[in-house]
Amino acid sequence: MQSEGTFGQLKEDYSYTRLRRRGKDGVEFELWMVAAGHNIRHYCNRKSQMKERSSHLN
């Protein structure tokens, strides 16, 4: 797994440059939410690519 690419995408593509929560619990929560959003975005992009490929084959 390559975490550096993920952080690079968050920083460059989505302008996520700093944490907005304070304290360990707040920071952990924010990172979990950012990671969940990234994974959902990644899943949706892959799903739409698969749909496009299957429509071209028909």
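Everything that follows concerns the structure shown earlier in this document.
Residues numbered from 1 in each chain as written. Predicted model: local features only at pLDDT ≥ 70, side-chain atom pairs only at ≥ 80, totals over all residues. Heavy atoms only, no water.

Here the focus is the overall build of the protein. Of regular secondary structure, the protein possesses 2 helices and 0 strands. Here the protein, with 58 residues, has 10% of them falling under the buried criterion. Only carbon and sulfur atoms are counted for the fraction: they give 54% of the accessible area of the protein, which is about 5,700 Å². (Helix = DSSP H or I, 4+ residues; strand = E, 2+ residues; numbered from the N terminus. Buried < 20%, exposed > 50% of the residue type's maximum accessible area, 1.4 Å probe, protein only. Areas by Shrake-Rupley, 256 points an atom, 1.4 Å probe, with all protein chains shown as cover.)

Attention now moves to the environment of Leu 10. Positionally, Leu 10 belongs in helix α1 (residues 3-12). With sequence-adjacent residues up to four places away left out, Leu 10 is seen in contact with Ser 15, Tyr 16, Val 34 and His 38. (Contact = heavy atoms within 4.5 Å.)

With respect to the helices and strands, the residue His 38 is situated in helix α2 (residues 23-57). Using a relative accessible area of 11% as the deciding quantity, one classes His 38 as buried. Contact partners of His 38, with chain neighbours within four places excluded, come to Thr 6, Gln 9 and Leu 10.

Let's shift gears to the environment of Val 34. In this structure, Val 34 sits in helix α2. By relative accessible area, Val 34 is classed as buried at 16%. In this structure, the C-alpha to C-alpha distance between Val 34 and Leu 10, residues 24 residues apart in sequence, is 8.6 Å. For Val 34, the contacting residues outside a window of four places in its chain are Leu 10 and Tyr 16.

Turning our attention to the pattern of salt bridges. For the structure shown, the criterion picks out 1 salt bridge. A salt bridge links Glu 28 to Lys 24; the shortest N-O distance between them is 3.9 Å. On the criterion of helical spacing, the pair formed by Glu 28 and Lys 24 is a turn pair, its members being 4 residues apart in helix α2. (Salt bridge = Lys/Arg side-chain N within 4 Å of Asp/Glu carboxyl O.)

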